[in-house]
Amino acid sequence: MKVIVFGAHGSVGEHVVSRLLKNGYKSCAVVGNENQIGLLKKRGAAEVVVYEERLLPTLFEGYEAAIYLTGISPKGSSGRTVMVDHQSVIETVKEAERQGVKRFVMLSAVTANESIGDESREIAAKEMPDELLRQSKLTYTVVQPGALTDKPGNGKVSAAVTLESAELEIPREDLAEVLVQSLEIEATFNKTFEVADGDTTVSKALASL
Amino acid sequence: MGLTDYLVIGLFIFITLIILVPVLLFIYLYFKDDRQKQHSILRNFPVIGKVRYFTEHIGPELRQYLFNADNEGKPFSRKEYQDVVKAGKYKERLIGFGSLRDFDAEGFYIRNTLFPKLTDEMKVDNADKIKTRVYKIDGEGLFTRKEHSEEKLVDPYLLQDDDAVVLGEHSCRYPFRVKGQVGQSAMSYGALGERAIQALSKGLGLAGGTWMNSGEGGLSNHHLVGNPDIIMQIGPDLFGVRKPSGEFSWEEFKKKSEMPQVKAFEIKLAQGAKTRGGHVEGEKVTEEIARIRLVEVGKTINSPNRFYEFSDVPSMFEWIEELRSVGGKPVGIKIVVGDMDALENMISYMKESGKGPDFITVDGGEGGTGATYQELADTVGLPIHSALPVVDEMLRQYGIRDRVKLIASGKLVTPDKVAIALAMGADLVNIARGMMISVGCIMAQVCHTNTCPAGVATTDKKLQDGLVVDEKMYRVCNYIVSLREGLYNLAAAAGLDSPTKFERKHIVHKDELGRVSPVENLIIAARRTQMQKERKID
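Thresholds applied
- Residues numbered from 1 in each chain as written.
- Chains lettered and ligands numbered in written order.
- Predicted model: local features only at pLDDT ≥ 70, side-chain atom pairs only at ≥ 80, totals over all residues.
- Heavy atoms only, no water.
- Domains from an automatic or database assignment.
- Disulfide = S-S within 2.5 Å.
- Pairing = 2+ DSSP bridges.
- Helix = DSSP H or I, 4+ residues; strand = E, 2+ residues; numbered from the N terminus.
- pLDDT = per-residue confidence, 0-100.
- Contact = heavy atoms within 4.5 Å.
- Buried area = accessible area lost by both parts, 1.4 Å probe.
- Salt bridge = Lys/Arg side-chain N within 4 Å of Asp/Glu carboxyl O.
- Nonpolar A, V, L, I, M, F, W, Y, C, P; charged D, E, K, R; others polar.
- Buried < 20%, exposed > 50% of the residue type's maximum accessible area, 1.4 Å probe, protein only.
- Patch = residues over 30% accessible without salt bridge, like charges linked within 9 Å, V, L, I, M, F, W, Y side chains within 5 Å.
- Areas by Shrake-Rupley, 256 points an atom, 1.4 Å probe, with all protein chains shown as cover.
- Axes fitted to C-alpha atoms, helices over the stretch in contact; angles between N-to-C directions.
- Parallel < 35°, antiparallel > 145°, perpendicular 65-115°, else oblique.
- Phe/Tyr/Trp six-rings, centres within 6.5 Å; stacked < 30°, edge-to-face > 60°.
- Lys NZ or Arg CZ within 6 Å of the ring centre and 35° of its normal.

### Quick look at the domain arrangement of chain B
Examined at the domain level, chain B breaks down into domain 1 (3-67) and domain 2 (187-483). Its C-alpha centre places domain 1 of chain B at a distance of 49 Å from the equivalent point of domain 2 of chain B.

Right under this line is the structure:
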């Protein structure tokens, strides 16, 4: 399967690209500017594209799946606000639908546990991209992670629709593994779930969702 | 007599003893002090005069811990020391409430631009993360600090491939490409103990994109344990590359140059703190050290001031040519700048002959050492800020700047200091004492005695027991990575996408009156001084 990664230059994206290579996928990394091409090539991307709005209609050509890392908008480097971010999610999702992309995995801007008992508009706005994706015709997966850490990943996580713990953390490496494995594990199809570090291997944790 | 009487007598004797013993001791000391002939203060003020000697003895510790302000203290202030320690231990360099620098004093400043570079515009190679360990503070009380160390994946902040600094690019069979601009300055095994060397080796190897200068004390297995890139230094005593009789051994040299870890050689003409040969106290010369250096066990080593192999520039260049053709690896020289004429002589001969070193290490007069004489350490040789721009300018004038790389050193222990040296013309920067601090040095200033309390500058097994290699190695790695990260921060602020692009125009000197002047003023002043000197001599 060929996978396109939006926001690949971010702290999670780098790991996603190298995990894709490791798991036998061919990937295209979409980045914010030219400077990041070298980095992503080194991390194992078969192709690296610098995002431009006019490129969007052609981007999905030949790709069956997409991993979208929000919070890191493809337009990030043009310095626009969160509403524009939403706009780019809408555009990307619509384009993916049009091009018949089979899988769309999104890293949510909402962290695990964040929305519980908090009705503030801030989180509502952060949740909007997730909602947009859920309303699309795509086979989606939305991953809401615990707080991201720089610890080396150990391949063990816990995943559930709602995780019950006050303090949830997940190493970026493990989160990348979750995103990549979600592509093909059917239990994650059309689901929104939370992940954090745990004691089950990624494939088992995802299969039991 | 009843029990009460015994108790009374007992108490009486007890009290008498309490009073009598100190009184007798006082009288004994009084007469001892009064009659001795060494100290005049004690003769005039017996016993009480001892207060002077006692407080003088513990003064350095009191000053360092209690009385010196954060910005005081030499060679390094408390603040400079802590900057290094925190970078290594927590990989954290954030401060609160503003700088402690004295902005009224003179000093160099980096010129920032109105529109700095964004993080994602920087030309940095962060592809291969480093798995290191950092400390996290859990809680801090008046007498306790609870902290734990945890694994962390960190960005290495390496230069991109096309920005890499290459030593001997066009002259050697095996040029040395280095993707970071900071490395470890020359520190010999013997001056430092094996544990310190091992921790440095492992930390530098983990960080990558850096180098370890072996120091003139030969190449030991301790240097190789972490597999870092090594610049092997050759001093006048030729340790590690000599025959038992003391002459240079081409066979040994060839053996060293064939080692994959050895990337370059550095001929040590001089060192900042000692424009003389090295000195190692006999107590430090263990059997192992003697074997590595090919010298006698337990005998104090005083290296000669100069090489026997050459006596002037042409003969030195011939030797360099031969070393390069036999070893195939870059050969550099380490110098201290004093006389501009001598320097100009060499550089003009470099131009004329097309020969010469692949790199020049310019050590500032403020450079450190394990052991030297006060008069040499304090006054001989120019400090790095005066020396470096002059060397850089002279190489440019003769049109050979592209043939030779400059490595600078002299108390450049924080990113801002490194950046200023880079702007003054350095391509790379050497750090020794910053590295020592990251493996536990507490600046006790006893490197020459083999009694280093931190187990760093000592070969004493018991003292070295305090230094845990597998803990300190991460601090070395974190320190190097922090320096590189800091350089990128500064480059971004100056509007540059890589710290390799620092130039003279990016820094400025401010004097006590707030007047700013460019680096060029230093060069003009140096030239004028030299002209005046010539006129007087003529």
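Structure shown, so let's carry the discussion forward.
### A few points about the state of the cysteines
Residue and element names in this part refer to chain B. Under the definition given, this model contains zero disulfides over all chains. Cys441 provides the cysteine sulfur closest to Cys447, a residue in no disulfide bond, and the two sulfurs are 6.4 Å apart. With no disulfide of its own, Cys477 lies 20 Å from the sulfur of Cys441, the closest cysteine sulfur.

### What about the sheet that holds strand β4 (residues 65-69) of chain A?
Residues and elements named next belong to chain A. Read from one edge to the other, the open sheet built from nine strands follows the order β3-β2-β1-β4-β5-β6-β10-β8-β11, with strand pairing classed as mixed. Each of the sheet's edge strands pairs with one partner strand only, and the pair in question is β3 (47-50) and β11 (200-201). Pairing of β4 with strand β5 (residues 103-107), which is carried by five bridges, proceeds in the parallel orientation. Note on β5: the bridge partner recorded for Tyr68 is Met106.

### A short note on the sheet that holds strand β1 (residues 107-110) of chain B
Read from one edge to the other, the open sheet built from three strands follows the order β1-β18-β19 (chain B), with strand pairing classed as antiparallel. Every other strand in the sheet has two partners, leaving β1 and β19 (516-517) of chain B as the edge strands with one partner each.

### Some words on the confidence of the model for chain B
With 98% of its residues at a pLDDT of 70 or more, chain B shows a mean pLDDT of 91. Reported confidence for the predicted complex is 0.84 by ipTM and 0.90 by pTM.

### Regarding the interface of chain B and chain A
At the interface, 17 residues of chain B touch 13 residues of chain A. Between chain B and chain A the total buried area reaches about 1200 Å² when both faces are included, carbon and sulfur atoms providing 48% of it. Broken down residue by residue, the surface that chain B buries against chain A is led by Asp120(B), Ala127(B) and Leu153(B), which jointly contribute 45%. Our enumeration of links across chain B and chain A arrives at four salt bridges. Measuring nitrogen to oxygen at the nearest pair gives 3.7 Å for the salt bridge that ties Asp161(B) to Lys42(A). Residues of the side of chain B that touches chain A, tallied by class, amount to three nonpolar, two polar and twelve charged.

### Details of the pairing of strand β10 (residues 191-197) of chain A
Residues and elements named next belong to chain A. Counting buried positions over the seven residues of β10 gives five, a clear majority of the element. As defined by bridge partners, strand β6 (residues 139-145) adjoins β10 across five bridges and the pair is classed as parallel. Note on β10: the bridge partner recorded for Gln144 is Glu194. Judged from the four bridges that link them, strand β8 (residues 156-160) and β10 form a sheet pairing that is antiparallel. The partner of Ala160 across the bridge, within β10, is Glu194.

### What to know about a nonpolar patch on the surface
Residues and elements named next belong to chain B. Where nonpolar side chains cluster on the molecular surface, the patch consists of Leu11, Phe14, Ile15, Ile18, Ile19, Leu20, Val23, Leu24, Phe26, Ile27, Tyr30 and Phe31 and spans about 1100 Å² of accessible area. Secondary-structure assignment places Ile19 in helix α1 (residues 3-35). Judged by relative accessible area, Ile19 falls into the exposed class, the value being 52%.

### What about the packing of helix α4 (residues 78-89) of chain B against helix α16 (residues 469-493) of chain B?
Residue and element names in this part refer to chain B. Axis separation between α4 and α16 bottoms out at 6 Å; the angle between their running directions is 110°. When the axis of α4 is compared with that of α16, the two are roughly perpendicular. Side by side, α4 and α16 meet where Val84, Ala87, Gly88 and Lys89 of the first sit next to Tyr474, Arg475, Asn478, Tyr479 and Ser482 of the second. The residue makeup of the contact of α4 with α16, split by class, is four nonpolar, three polar and two charged.

### A look at the packing of aromatic side chains
Residue and element names in this part refer to chain B. Under the counting rule described, the total for this entry stands at 16 aromatic pairs over all chains. A centroid spacing of 4.6 Å and a plane angle of 45° characterise the contact between Phe253 and Phe265, whose relative ring orientation is tilted. Here Phe253, found in helix α7 (residues 250-257), pairs with Phe265, found in strand β11 (residues 262-268); they are twelve residues apart in sequence, far enough to count as distant. Judged by relative accessible area, Phe265 falls into the buried class, the value being 0%. Within the aromatic cluster, the residues linked to one another by ring pairs are Phe248, Trp250, Phe253, Phe265, Phe307, Phe310 and Trp319. Over the aromatic face of Tyr53 sits the side chain of Arg52, whose NZ or CZ is 5.4 Å from the ring centroid.

### Examining unusual backbone geometry
Residues and elements named next belong to chain B. Here Lys74 and Pro75 are connected by a cis peptide whose omega angle stands at 0°. Structurally, Pro75 can be placed in the loop between α3 (50-67) and α4. One non-glycine residue with positive phi stands out, namely Asn450, at about 65°. By secondary structure assignment, the location of Asn450 is in the loop between α14 (433-438) and α15 (461-464).

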